[in-house]
Amino acid sequence: MKAENMMQIDFLSKSSNEGFARVAVAGFAAQLDPTLEELGDIKTAVSEAVTNAIVHAYPDSIGKIRIRARLYADHVLELSIQDWGVGIADVEKAREPMFTTGGEERSGMGFTIMESFMDALRVRSVPGRGTTVVMKRKIAVRGGDSL
């Protein structure tokens, strides 16, 4: 299926860029006329994915994070958050609630939160080469088609 619209942004894995990522994706998703609740869910999922990349992918350095967003004709928003960091040795274990490699200040709920706010979540990772999280969310159609 071909995307109706798309965008891509690259930024450094600095915690100050997490808010930027949320706002950038929210601005792009606004084309689908989401409710405030839908928009909040999307922003929360993006925040979790970007925070995971900042904290876990680059624990001792600054690296690059890429977000790709695509809009499809059936009102589906697809988001891809990619890093080139340390990767995840066991993705299934990392997706378990309460599992974290980030120390006791981390809840270990990032993937669980992403999954609960989005319709689909895929995680691909290669240790030493990075991780890509792909999320999809269908936005309810209100009134006319906004694409």
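So, here's what we can say about the structure.

Conventions and cut-offs
Residues numbered from 1 in each chain as written. Predicted model: local features only at pLDDT ≥ 70, side-chain atom pairs only at ≥ 80, totals over all residues. Heavy atoms only, no water. Helix = DSSP H or I, 4+ residues; strand = E, 2+ residues; numbered from the N terminus. Contact = heavy atoms within 4.5 Å. Polar contact = N/O pair within 3.5 Å; in protein donor to acceptor, adjacent residues only side chain to side chain. Phe/Tyr/Trp six-rings, centres within 6.5 Å; stacked < 30°, edge-to-face > 60°. Buried < 20%, exposed > 50% of the residue type's maximum accessible area, 1.4 Å probe, protein only. Lys NZ or Arg CZ within 6 Å of the ring centre and 35° of its normal. Axes fitted to C-alpha atoms, helices over the stretch in contact; angles between N-to-C directions. Left-handed = near helix turned anticlockwise from the far one by under 90°. Nonpolar A, V, L, I, M, F, W, Y, C, P; charged D, E, K, R; others polar.

The next point concerns the environment of Thr-131. Among the secondary structure elements, Thr-131 is positioned in strand S5 (residues 130–138). The spacing of Thr-131 and Val-86 is 45 residues in sequence and 8.1 Å in space, taken between C-alpha atoms. When sequence neighbours within four positions are dropped, the list of residues in contact with Thr-131 reads Ile-81, Gln-82, Asp-83, Gly-87, Ile-88, Val-123, Arg-124 and Ser-125. Polar side-chain contacts of Thr-131 include one of 2.7 Å to the side chain of Ser-125.

Our next topic: the packing of aromatic side chains. In the structure shown here, the tally under the stated rule is one aromatic pair. Their ring planes at 85° and their centres at 6.0 Å tell us that Phe-11 and Phe-20 sit as a pair that is edge-to-face. Residue Phe-11 is classed as buried on the basis of its relative accessible area, which comes to 7%. Classification of Phe-20 as partly exposed rests on a relative accessible area of 41%. Its guanidinium or amino end placed over the ring of Trp-84, Lys-64 lies 4.6 Å from that ring's centre, counting from NZ or CZ.

Helix H2 (residues 36–57) packs onto helix H1 (residues 17–29) with a crossing angle of 145° between their chain directions and a minimal axis gap of 9 Å. Every pair of crossing elements has a handedness; the one defined by H1 and H2 is right-handed. In contact with Glu-18, Ala-21, Arg-22, Val-25, Ala-26 and Ala-29 of H1, H2 contributes Leu-39, Ile-42, Lys-43, Thr-44, Val-46, Ser-47, Val-50, Thr-51 and Ile-54. For the contact of H1 with H2, the residue count by class is nine nonpolar, three polar and three charged.

Quick look at the side chain of Glu-38 now. Along the chain, Glu-38 falls in helix H2. By relative accessible area, Glu-38 is classed as buried at 9%. Polar side-chain contacts of Glu-38 include one of 2.8 Å to the backbone nitrogen of Thr-35. Ignoring sequence-local partners within four residues, the contact set of Glu-38 consists of Arg-137, Lys-138, Ile-139, Ala-140 and Arg-142.

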